[in-house]
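# Survey of secondary and tertiary structure
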Amino acid sequence: MNLIKELSSEQELLIPSFIEKWQEIAFSTEPTNKIEIERAIKKIYSKLKLAEPIIYYCDRPTSTYDVLQNIDLDRFGSSIHSEICAFLFVQIEDFLTAQMTEDLWEQLEDALRISNFDCKPFVSWNFMKDDVLNRFYGFDDIAFYEGRILSRLISYGLTFDFCQMIVDRFSDRLTEIWNIFQVLANNCSQLFFYEDICIAYEKLGIISVDDRGLLHNDGQPAIEFRDGTKIYACHGNTIPEQYGKIPHNQWRVNWLSKAEMRLRDILILGIGESKICQELKTESKINQVGVMTSRQKSLVTEYAKKWCHIFWSTDKLDADLVTNYIHRAYKYLGESEPKILCFSSPLLAQQYATKHKLHSYLYEIFNDKICRPSCAINPWFNDIVSHPFIDHRIIQELEQEFQAQDDFLTCMNVIHHFRVLDMFKEEIDQKLEQVIECIKPEFFIDDSGIQDYLLSNFNCAEETERIEIFVGLMQNCGWIYPYKEVCLVCDRQTITYDSGNFD
């Protein structure tokens, strides 16, 4: 049997029409045909040699609670989710893949995708936060672990439907499975299968997503159930009805000052940063709500390039600069000025430390109090704001911008750091039998750039001294071994990778 290696040009031209067909199925709000779906579910159980299940239809968020309150969980029987998936997906997939090359199958999997479907709202663990899932499905364990079948029905259905055009015809057995498959895809928003009970969620009355597949609607519900229950969302984030029912162009900037952290982030998405900047006018007021001005954003690339140059630099230490920043660091920590010794390599520095049996090591306090990162927080988990004067949204945006500018740098940074560290450890183990932890500036390169940027472009009065010391050390030193009475400083490591052109 000759395997199919590629599509014809005519077949390739049909891909968009199949995607459009299954996109309509995915986002259909047509009422569930209970007669058809009941017949399909009973056929599945019969094929799996199981007794007909009790079928519960859920048309509102609290329906599963109602089911669970009226039925002992022991009466559900074991989950048969894996058996259902094997029946619906594996047999047809095996038939199709046996007739084409692996490369073609992978090509079709990539091409046959609904761009605004894969992540939300149909993959349950990406759908909403757990507290909303509990409210939405009523029973989080069911929703989290087994509420993924519709996503698979749509993605596999699109592929199976298209592939029938290029392979042998389905047998009667596969045709029957395919017919059942289509009934489920067309009539449910979620399905949960157990030996004795099947829970089927009816099609939603409204479902709306943005162009990234995130739940979203402007002034209208993103989801509405058949019983009228509404869930509002802005670009994937659920929001209270009092905001969700108002069109975004009517959202007001003065709401930001009173909103808790998570809601404020969502409101900024809906209001738009340009409107916020236009209304608040001054940089300080704009920054207070977590937004950067266009002027501030325009400077990020400049600082990213600056720190790329620093990272690749092989200049020898400037003794005066090293002395200045080391002395400032010790003073900041409340320590006396140390004797400063410079070495050409970490091996020589550690040989010195071992030979002279240096003690009173300040690594931990040095790392904690001076090399403290900017630390953007995760507002979704209500972490404490770790940065004392810059809004977490600005820190997060800077981290994203620096990472985008420095993808190559970050990759080489990690490779270089661990290669040097591995070689260094091996050499130290052989000669000194002990590896001493130290401050490694190349490991802080992105955060050094961010804090350098903050120092120059924001009011950092509360931490100016610490940031100046941190940035100065990271810019002018190699590896640092801080002891109470002496500080050992190494030259920068020579980097041999092609750094590209950063001019």
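Residues numbered from 1 in each chain as written. Predicted model: local features only at pLDDT ≥ 70, side-chain atom pairs only at ≥ 80, totals over all residues. Heavy atoms only, no water.

### Some points on the side chain of N187
We apply this condition: Elements are defined by DSSP. Helices are runs of H or I of four residues or more, strands are runs of E of two residues or more, and each kind is numbered from the N terminus. Here a polar contact means two N or O atoms within 3.5 Å. Within protein one must be a hydrogen donor candidate and the other an acceptor candidate, and residues neighboring in sequence count only if both atoms are side-chain atoms. Should any heavy atoms of two residues lie within 4.5 Å, those residues are considered in contact.
Here N187 shows up in helix 10 (residues 172-187). A distance of 2.8 Å separates the side chain of N187 from the backbone nitrogen of N33, its partner in a polar contact. Ignoring anything within four residues of it in the chain, the contact list for N187 reads P31, T32, N33, E36, I37, Y201, E202 and K203.

### Observations regarding the pairing of strand 3 (residues 197-201)
What counts is decided by this rule: Buried residues are those whose accessible area, probed at 1.4 Å on protein chains only, stays under 20% of the maximum for their type, while exposed residues exceed 50% and partly exposed ones sit between those limits. Two strands are said to pair when DSSP picks up at least two bridges between them.
With respect to burial, strand 3 is a largely interior element, five of its five residues being buried. Here strand 3 shows two buried faces, one formed by I197, I199 and Y201 and the other by C198 and A200. Of the pairings in the sheet, the one linking strand 1 (residues 54-58) to strand 3 comprises five bridges and is parallel in character. Residue pairing in the sheet places I54 in a bridge with I197 of strand 3. In terms of strand pairing, strand 2 (residues 190-193) meets strand 3 through four bridges, oriented antiparallel. When the sheet's bridge partners are listed, F193 is paired in strand 3 with C198. Remark: three residues form the turn of the hairpin made by strand 2 and strand 3, two consecutive strands paired antiparallel.

### Topic: the pattern of salt bridges
To be explicit about the condition: For salt bridges, the criterion is a side-chain nitrogen of Lys or Arg within 4 Å of an Asp or Glu carboxyl oxygen.
If you walk through the whole model with that rule in mind, you get 16 salt bridges. A salt bridge links E202 to K34, with the nearest nitrogen and oxygen atoms 3.3 Å apart. One end of the pair, E202, is in the loop between strand 3 and strand 4 (206-207); the other, K34, is in helix 3 (residues 34-47), and 168 residues separate them in sequence. We classify K34 as partly exposed; its relative accessible area is 37%. Close ionic contact of E397 with K297 constitutes a salt bridge, the shortest N to O distance being 3.3 Å.

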